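Remarks on the overall topology
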Amino acid sequence: MTGRDIRFGIIGCGMISPWHAASITSANGAKLVAVCDIVREKAEKLAAEYGEPKVYVDYRELLADPQVDAVCICTPSGMHSDMAIDAARAGKHIMCEKPIDISLPKIDAMIAECRRIGVKLGCIFQRRTSPVWNKIKDAIAAGKLGRMVLGDAYMKYYRSQEYYDSGEWRGTWALDGGGALMNQGVHCVDMLRWIMGPIESVYAYTDHLVRNIETEDTAVAVLKFRNGAFGVLEGTTSVCPGMDHRLEFHGEFGSIRVDGEKIVEWSVPGEENVAEGSTSDIDIKIGTAASDPTTIGMEGHKALIQDFADAIREDREPLITGEEARKAVEVVLAVYESSRTGQPTKLPLSY
Ligand SMILES: NC(=O)c1ccc[n+]([C@@H]2O[C@H](COP(=O)([O-])OP(=O)(O)OC[C@H]3O[C@@H](n4cnc5c(N)ncnc54)[C@H](O)[C@@H]3O)[C@@H](O)[C@H]2O)c1
């Protein structure tokens, strides 16, 4: 498959689908050839805005289309694994929205099936492409902060009841798989885990304090990382107004703090504290979606879709593999388990 365009289909034409359509149509060597939604009008609307690809209402028919090489799965989170397995069996490569799915057995099944058949499986965690987060990861991996002491993520977002009521799947265990953490918070859980390394145990409280949903609108957890550091995770969608997330990394020699997508503290021995100067060189437009999910930037999706098309052509791993995408979900599930049992939960989870 060298040289020619990778032909994409999109399954699920809801809120996030234009990010995929725009990323595919602007990528080098990629083409949008099909879209699918059980609500035909949604698929037709997306198709009309992005070059009139073929419209399907049954994703299995899209998967049977020999003109399609790869699919972006943009359906409710609890559908991802089943659709990915069907796609793999149809020989399609798969770029899956976050969270990759909501249960570890289902995630393991989709990873295993893609590996067995030999199709690529990638996932969206757009912050992993951002210079801001990569700069922090590299600094900590290089030991610039010394021994790590604390790694914290505060995600104090706002989503209205109308937001939850806007889709039957939102805030349900079966299809959202959780609330403030599994849906909105999973991005920064991924950042914290990616930068600080594996988490050994969590102790958590979660509940729906304000919204009328099955899953949690608020979660707090204390963390113990495998490197010996401690940390705190706070995630909510019920504070008003929603605020930019804040992540803090403290080591014995220095500290780094991010507000939204901006480094506001860079106390690293021997380096200029960027908080004192301009941050524009490292402030990429990822967008925080603190109160409005449609305010996320396009750059991360564009970078990941370009990488995915290149990975197919070059027959290499995509930037975020299924195995990588699984890690944040495992942390979120450990938080839920601890909250349920009232005990600390040890990772890795045994299911
Ligand atoms: N990367 C990000 O920042 C980001 C942002 C928002 C959403 N997401 C993820 O994207 C996914 C979708 O979220 P959303 O907000 O776009 O949801 P949404 O409800 O707006 O869209 C989902 C779409 O899937 C369609 N659908 C449902 N079942 C289907 C089926 N069997 N076949 C075809 N289409 C079907 C629905 O009709 C709907 O149009 C979720 O996993 C979510 O976590 C990621």
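Scroll up to find the structure this text is about.
Attention in this report is confined to the structure presented alongside it. (Residues numbered from 1 in each chain as written. Predicted model: local features only at pLDDT ≥ 70, side-chain atom pairs only at ≥ 80, totals over all residues. Heavy atoms only, no water.)

Looking now at the packing of aromatic side chains. Under the definition given, this model contains four aromatic pairs. A ring pair is formed by W173 and Y336, whose centres lie 5.3 Å apart and whose planes are at 85 degrees; its orientation type is edge-to-face. One end of the pair, W173, is in the loop between helix 7 (161-165) and helix 8 (180-196); the other, Y336, is in helix 10 (residues 322-341), with 163 residues separating them in the sequence. Looking at Y336, the relative accessible area reads 4%, which means it is buried. On the numbers, 5.9 Å between centres and 75 degrees between planes, the contact of Y203 with Y205 is edge-to-face. You can call Y205 exposed: its relative accessible area is 55%. The ring centre of W266 lies 4.5 Å from the NZ or CZ of K135, which sits over that ring. (Phe/Tyr/Trp six-rings, centres within 6.5 Å; stacked < 30°, edge-to-face > 60°. Helix = DSSP H or I, 4+ residues; strand = E, 2+ residues; numbered from the N terminus. Buried < 20%, exposed > 50% of the residue type's maximum accessible area, 1.4 Å probe, protein only. Lys NZ or Arg CZ within 6 Å of the ring centre and 35° of its normal.)

Another aspect to go through is helix 5 (residues 104-117). With 14 residues, helix 5 extends 20 Å from end C-alpha to end C-alpha; this agrees with the ideal 20 Å at 1.5 Å per step. Residues of helix 5 that are buried include every one of L104, I107, M110, I111, E113 and C114, and no others. Structurally, helix 5 contributes buried residues whose contacts are with helix 4 (80-89), strand 5 (93-96), strand 6 (121-123) and helix 10. Where helix 5 begins, the capping side chain belongs to S103, and its oxygen is found 3.2 Å from the backbone nitrogen of K106. (Expected span 1.5 Å × (residues − 1). Contact = heavy atoms within 4.5 Å. Polar contact = N/O pair within 3.5 Å; in protein donor to acceptor, adjacent residues only side chain to side chain.)

Our next topic: the packing of helix 8 against helix 10. Close contact between helix 8 and helix 10 brings their axes to 9 Å; oriented N to C, the two are set at 115 degrees. Between helix 8 and helix 10, the angle is such that the two are roughly perpendicular. Relative to helix 10, the crossing made by helix 8 is right-handed. Across the interface between the two elements, L181, M182, V186, V189, D190, R193 and W194 of helix 8 pack against E324, K327, A328, V329, V331, V332, L333, V335 and Y336 of helix 10. Residues that form the contact of helix 8 with helix 10 fall into these classes: twelve nonpolar, no polar and four charged. (Axes fitted to C-alpha atoms, helices over the stretch in contact; angles between N-to-C directions. Parallel < 35°, antiparallel > 145°, perpendicular 65-115°, else oblique. Left-handed = near helix turned anticlockwise from the far one by under 90°. Nonpolar A, V, L, I, M, F, W, Y, C, P; charged D, E, K, R; others polar.)

Our focus in this paragraph is the site of the ligand. Taken together, 26 residues sit near the ligand, with D37, K42, K98, Q126 and W169 positioned nearest. A distance of 3.4 Å separates an oxygen atom of the ligand from a polar backbone atom of T75. In this structure, Q126 approaches the ligand through a side-chain N or O atom, which is 2.8 Å from an oxygen atom. Calculation on the ligand without its partners gives an accessible area of 850 Å², and the protein chains cover 90% of this total. (Near = heavy atom within 4 Å. Areas by Shrake-Rupley, 256 points an atom, 1.4 Å probe, with all protein chains shown as cover.)

Turning to the nonpolar core, a few remarks are in order. By size, the foremost hydrophobic cluster in this structure holds 106 residues, and its most contacted members are F8, I94, I136, L233 and F249. In contact with F8, not counting residues within four places along its chain, are I24, A30, K31, L32, V33, A34, V68, A70, C72, I305, F308 and A309. (Core = buried A, V, L, I, M, F, W, Y, C linked by side-chain atoms within 4.5 Å.)

What follows concerns unusual backbone geometry. The step from K98 to P99 runs through a cis peptide bond, and the omega angle for that step is -20 degrees. Position of P99 among the secondary structure elements: in the loop between strand 5 and helix 5. Backbone torsion omega between L347 and P348 reads 0 degrees, so that peptide bond is classified as cis. Within the element layout of this structure, P348 appears in the segment after strand 14 (345-346). The backbone of E52 sits at a positive phi, close to 55 degrees, despite the residue not being glycine. Its place among the elements puts E52 in the loop between helix 2 (40-49) and strand 3 (54-56). Residue E52 is classed as exposed on the basis of its relative accessible area of 59%.

Before going further, it helps to spend a moment on the pairing of strand 12 (residues 255-259). The alternating pattern of strand 12 places I256 and V258 on a buried face and S255, R257 and D259 on a face that is not buried. In this sheet, strand 12 lies alongside strand 11 (residues 246-251) in antiparallel orientation, the contact comprising five bridges. The partner of L247 across the bridge, within strand 12, is V258. Joining the antiparallel neighbours strand 11 and strand 12 is a turn of three residues. For strand 12 and strand 13 (residues 262-267), the ladder comprises five bridges, and the chain directions are antiparallel. Opposite D259, over in strand 13, you have K262 as the bridge partner. Hairpin connection from strand 12 to strand 13: two residues lie between these consecutive antiparallel strands, with G260 at a positive phi of about 65 degrees. (Pairing = 2+ DSSP bridges.)

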